Amino acid sequence: MNNKAAALHILVKTEAEAQALKTKIEKGADFSTLAKKHSMCPSKKQGGDLGEFKKGAMVKPFDQAVFAKDSDEKNVIGPVKTRFGYHLIRVLYTS
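Conventions adopted
Numbering of residues begins from 1 in every chain and follows the order in which that chain's sequence is written. Only residues with pLDDT of 70 or above have their local features reported here, since the model is predicted, and side-chain atom pairs are shown and tallied only from 80 upward, although totals for entire chains, interfaces and linings are computed over all residues. Hydrogen atoms and water are omitted, and side-chain values are computed over all heavy atoms in the structure. Secondary structure elements are taken from DSSP: a helix is a run of H or I of four residues or more, a strand is a run of E of two residues or more, and numbering for both begins at the N terminus. Only protein chains enter the area calculation, which uses a 1.4 Å probe; residues under 20% of their type maximum are buried, those over 50% are exposed, and those in between are partly exposed. Polar contacts here mean pairs of N or O atoms no more than 3.5 Å apart (in protein, one a potential hydrogen donor and the other a potential acceptor; neighbouring residues in sequence count only if both atoms are side-chain atoms). By definition in these notes, contact holds between two residues if any of their heavy atoms fall within 4.5 Å. Only C-alpha atoms enter the line fits that serve as axes; for helices the fit covers just the stretch in contact. Angles between N-to-C directions range over 0 to 180 degrees. Angular relationships are summarised with four words: roughly parallel below 35 degrees, roughly antiparallel beyond 145, roughly perpendicular across 65 to 115, and oblique for the angles in between. Each crossing gets its hand from how the near helix is turned against the far one by less than a right angle, where anticlockwise is left-handed and clockwise is right-handed. Polarity classes work like this: nonpolar for Ala, Val, Leu, Ile, Met, Phe, Trp, Tyr, Cys and Pro, charged for Asp, Glu, Lys and Arg, and polar for all others, with Gly in that last group. Any two strands with at least two DSSP bridges between them are considered paired.

*Asks:* Sorry, what's going on with the side chain of H87 here?
*Replies:* Among the structural elements, H87 can be located in strand β4 (residues 85–94). Judged by relative accessible area, H87 falls into the buried class, the value being 4%. One polar contact links H87 to H9, side chain to side chain, over a distance of 3.0 Å. Engagement of the side chain of H87 in a polar contact is seen with the side chain of T82, the distance being 2.8 Å. Sequence-distant contacts of H87, defined by excluding residues within four places in its chain, comprise H9, I10, L11, F62, I77, G78, P79, V80 and T82.

As structure tokens, this is what we get:
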């Protein structure tokens with residue numbers, strides 16, 4: 001069972017902004033570079049790196065997205081809406 005994960009994320013205000021950034025990433029833009037430039041989260045200084053966290057440590061919609069069975073390291077998850085805004089998430093691993 002997956003109890004831990006590591007992920008990068010980009011937090012923005014609007015779903016449209018998140019979708020536009022997701023399109024850029026899908027076309028080859030670097031996730032960390034976009035996080036540094038656009039994310040509202042303090043993690044942007046680390047390219048959106050949230051480090052390792054336990055299941056249940058993040059807000060529920062974020063947590064559910066990261067720990068979903070179909071989360072794949074190559075794909076960007078999102079936009080995921082939370083009370084903070086809209087997240088794009090790249091899962092590095094779950095274990």
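Next comes the rest of the account.
*Asks:* I would appreciate a short explanation of the packing of helix α1 (residues 15–26) against helix α2 (residues 31–38) in the present structure.
*Replies:* For any two helices packed against each other, one specifies the crossing angle of their axes together with the interaxial distance. Where α1 meets α2, the axes come as close as 10 Å, and the angle between the chain directions of the two elements is 150°. The angle between α1 and α2 falls in the class roughly antiparallel. Here the hand of the crossing between α1 and α2 comes out right-handed. Together, E17, L21, K24 and I25 of α1 and F31, L34 and H38 of α2 make up the contact between the two elements. Here the contact of α1 with α2 is built from residues that sort into 4 nonpolar, 1 polar and 2 charged.

*Asks:* Explanation requested: the pairing of strand β3 (residues 77–82) in the structure shown.
*Replies:* Along any regular strand, the residues point their side chains to alternate faces of the sheet. In this sheet, β4 lies alongside β3 in antiparallel orientation, the contact comprising 4 bridges. Looking across to β4, one finds that V80 is bridged to H87. Counted between consecutive antiparallel strands, the loop separating β3 from β4 contains 2 residues.

*Asks:* What am I meant to see in the sheet that holds β4 here?
*Replies:* Taken together, 4 strands build an open sheet; the order of strands is β2-β1-β4-β3 and the sheet is antiparallel. One side of each edge strand has no neighbouring strand; the edge strands of this open sheet are β2 (49–54) and β3. Sheet twist, expressed as the average angle between the axes of neighbouring strands with direction ignored, equals 40°. Pairing of strand β1 (residues 4–12) with β4, which is carried by 8 bridges, proceeds in the antiparallel orientation. In the strand pairing of β4, H9 is matched with I89. Of the strands in this sheet, β1, β3 and β4 are in contact with α1, which crosses β4 at around 40°.

Remember, this is a structural readout, not a statement about activity or role.
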